[in-house]
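Residue-level structural notes
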2 protein chains.
Amino acid sequence: MKTLVELAQKAREISGVRIYKKNVEAVLSALLKSGDFWEVVDMADLPVPAASGIVRALQEEGLLFIDDEENIRLTQKGLDMVRELGIETFVDYSCRACEGRGIPFYAHIDLYREFLQLTKDRPKAIRDYDQGSVTPETTIARVLFIDSRGDLRNKDILVLGAEDDLTGLAVALTRKAKSVLVIDIDKRLIDFDNRVFKELGIDNAEAKVWDLRNPFPKDMLGRFDVFVSDPPETLPAFRAFIGRGIATLREEGGVGYFGLTLRDSSVFRWRDFQISLTSEFGVAITDILQDFNHYITWDYHTETKAAEVAPVKREPKTIWYKSAWYRVEVLPGFKRWNEPISDDVFYLDEEGSTT
Amino acid sequence: MKTLVELAQKAREISGVRIYKKNVEAVLSALLKSGDFWEVVDMADLPVPAASGIVRALQEEGLLFIDDEENIRLTQKGLDMVRELGIETFVDYSCRACEGRGIPFYAHIDLYREFLQLTKDRPKAIRDYDQGSVTPETTIARVLFIDSRGDLRNKDILVLGAEDDLTGLAVALTRKAKSVLVIDIDKRLIDFDNRVFKELGIDNAEAKVWDLRNPFPKDMLGRFDVFVSDPPETLPAFRAFIGRGIATLREEGGVGYFGLTLRDSSVFRWRDFQISLTSEFGVAITDILQDFNHYITWDYHTETKAAEVAPVKREPKTIWYKSAWYRVEVLPGFKRWNEPISDDVFYLDEEGSTT
């Protein structure tokens, strides 16, 4: 029988992404809980290609089989191995009240209701721009989180390249910010926001079409107290969204919020991001909350690389794509990065799969 | 009237610690909510000397006064400034169910009850070793958090230099770890743990007296899957606890948990820690949960530098000292640091005050 280290090595060869022993363990632990591949990805906190590589490696070794290309089941040999290694079923103790975020969306129920009402006809997530909307509960929890950190009231706030979540709209709805500027590449979202701002007479908020691959004009730099974003997890996109977000901050003490997921990037990539944040850009990371952002499964799921590399045909039945919520604070001497970015690998690389 | 930047500069001169505009804002926002200095420190998320310096600077400028050395109140001039700057009252949306941790202690109520019952006569926190115990709810939430990440069951776990919280005991009580080793400098705690282990017949757990300033013997290196700690926030102590904790991990994918607070170190220091973690030690940070750890105010509070530098004589009435909960994962090529550490500034430096 292969060891976990050998299985990890095999999964790495199959998938071409970085995988280690602990990841194989996590998939096995998740498989004791569910036979749904997408739930397994969620529990194991892995990029889809990595989870898929592990499932395929386990399949080739006769440790699991896949029913009708739908359900994954451990074989007797798989169950024996799991027992021998002392791997136990995945457990989830997350809070039912706040969905594990630490801040419940219903703490400001009026804001939640107004947001739901106004966004009934929101534009649907489309594939062109790697969109995927978070749940309304996520969007409101984000705003309450930002407020509870003193980063909302009377602040100049920039929401960049993440308006499929309508976070900029929700921030504006609080009527607490000094100003809100939303920029996004998708004109549908920009028009949607501006229409709501106009209807409600919110005159300190505006939305503009912008492609973040281009550098900001000078007047955008050093203009905001807070930025909010949700970049694709490639290194170029990270620079375009987060590097540029940092560049728009007025001064030390300025704050950035963004989502980063382990579904489209590995913990290896995360370290690269963290080195870049702390050493290059000059920020301190104050918060990382896993599984804060819950994404509604996008209509274009079947067209994605995720669906293609998955070892099953089954589509996701529940929310499986989640991301962590980062908060960073810029310190004296922070770097204002604002270079152009080329198109290559902007949305997708070997670890990503959901665009 | 002085600007916030000038007030920050003045507070920096008074306190000798790094302070910027945003910190002054945070103190003013907190003062709109409470006149209790310790609650203000908590809300503003600042080192005690920093919060104290800000309060004193505001006092000297006639923006606040202190009633009977007890309650802090903004003056009319202070209130005018706050209104003019648009600073609003601190808001707290944290979840009442899980105390904002995202994981409620009562998710495993039997463990909580057994822990409470067994620790009724636990040793009291003493000053010699910078002790301060977290609440039992915190200890149990830590264990459930560790379990939910797949870092408990069948793992070899080291709890180092943090047993005033009895986290090692709580881990052992789950009977789910493969082995638990607790090391601490305080013989009272070690004896307490060993007595409980013996009484309950838990034979895979043991506790040993150890001074973390000394390097580990070779047989401790590379021996564990998970370490848990709660270091003082000085740079030497960080290396002694976290650097050495990392050195005990068996292989890539190994995991560390520890508390770090902004009450005894600034966000500047946090960045130094984060650069050291990611760039030097070779780990990725997967979680930072602010205010996860709640500390019971220690009996020796009045003897601390915190009490001495505080602008009030009033003692804390509620839990004011909290820390963030970090989880890190070591990646291939991680560094096993294991040098001796000298006594100097081990427990206390210019930002710390609670030892």
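From a predicted model like this one, the values you see are computed outputs, not experimental measurements.

What follows covers the side chain of Glu163(A). Residue and element names in this part refer to chain A. Take Glu 163: it is sitting in the loop between strand 3 (156-160) and helix 8 (167-173). No salt bridge is formed by the buried Glu 163; the nearest opposite charge belongs to Arg 142, separated by 7.5 Å. Here the side chain of Glu 163 touches Leu 169 through a polar contact of 3.0 Å, landing on its backbone nitrogen.

Moving on: the interface of chain B and chain A. Listed by partner, the interface residues are 57 residues for chain B and 57 residues for chain A. For the pair chain B and chain A, the two sides together bury roughly 4600 Å², of which 54% comes from carbon and sulfur. For chain B, the biggest contributors to the area lost against chain A are Lys22(B), Tyr93(B) and Arg271(B); these three give 16% of the whole. Salt-bridge contacts for Asp151(A) lead to Lys22(B); the nearest nitrogen and oxygen are separated by 2.8 Å. Across the contact surface, chain B and chain A share 23 residue pairs in polar contact (both at pLDDT 80 or more). Of all the elements in the fold, those that place two or more residues in the side of chain B that touches chain A are helix 2 (21-31), helix 7 (136-148), helix 11 (267-281), strand 8 (283-294) and strand 9 (322-330) of chain B. For the side of chain B that touches chain A, the per-class residue count stands at 26 nonpolar, 15 polar and 16 charged.

Residue and element names in this part refer to chain B. Burial along strand 1 (residues 64-67) is one-sided: Leu 64 and Ile 66 are buried, while Phe 65 and Asp 67, pointing the other way, are not. Relative to strand 2 (residues 71-74), strand 1 is paired through four bridges, and the arrangement is antiparallel. Pairing of Asp 67 across the sheet is with Asn 71, part of strand 2. Joining the antiparallel neighbours strand 1 and strand 2 is a turn of three residues, in which Asp 68 adopts a positive phi near 50°.

Before going further, it helps to examine helix 9 (residues 187-200) of chain B. All names here are of chain B. The end-to-end C-alpha distance of helix 9 is 20 Å, a good match for the 20 Å that 14 residues give at a rise of 1.5 Å each. For helix 9, the full list of buried residues reads Leu 189, Ile 190, Phe 192, Asp 193, Val 196 and Phe 197. Viewed end-on, helix 9 has its buried residues packed into an arc of 160°, placing them on one side of the element. Helix 9 presents Lys 187, Lys 198 and Glu 199 as exposed residues on the side facing more than 90 degrees away from its buried surface. Positive phi shows up at Gly 201, right after helix 9, with a value of about 65°.

Moving on to helix 10 (residues 235-247) of chain A. Residues and elements named next belong to chain A. Relative to the 18 Å expected for 13 residues at 1.5 Å per residue, helix 10 spans 17 Å between its end C-alpha atoms, a close match to the ideal helical length. Summarising burial for helix 10: 10 of the 13 residues are buried, a large majority. All buried positions along helix 10 are accounted for by Ala 237, Phe 238, Ala 240, Phe 241, Ile 242, Gly 243, Arg 244, Gly 245, Ile 246 and Ala 247. Buried residues along helix 10 sit in contact with strand 3, strand 6 (226-229), strand 7 (255-260), helix 11 (267-281), strand 8 (283-294) and strand 9 (322-330). N-capping of helix 10 is provided by Thr 234, with a side-chain oxygen placed 3.2 Å from the backbone N of Ala 237.

Rules used in this analysis
- Residues numbered from 1 in each chain as written.
- Chains lettered and ligands numbered in written order.
- Predicted model: local features only at pLDDT ≥ 70, side-chain atom pairs only at ≥ 80, totals over all residues.
- Heavy atoms only, no water.
- Helix = DSSP H or I, 4+ residues; strand = E, 2+ residues; numbered from the N terminus.
- Buried < 20%, exposed > 50% of the residue type's maximum accessible area, 1.4 Å probe, protein only.
- Lys, Arg positive; Asp, Glu negative; His and termini not counted.
- Salt bridge = Lys/Arg side-chain N within 4 Å of Asp/Glu carboxyl O.
- Polar contact = N/O pair within 3.5 Å; in protein donor to acceptor, adjacent residues only side chain to side chain.
- Contact = heavy atoms within 4.5 Å.
- Buried area = accessible area lost by both parts, 1.4 Å probe.
- Nonpolar A, V, L, I, M, F, W, Y, C, P; charged D, E, K, R; others polar.
- Pairing = 2+ DSSP bridges.
- Expected span 1.5 Å × (residues − 1).
- Arc of directions from axis to C-beta.

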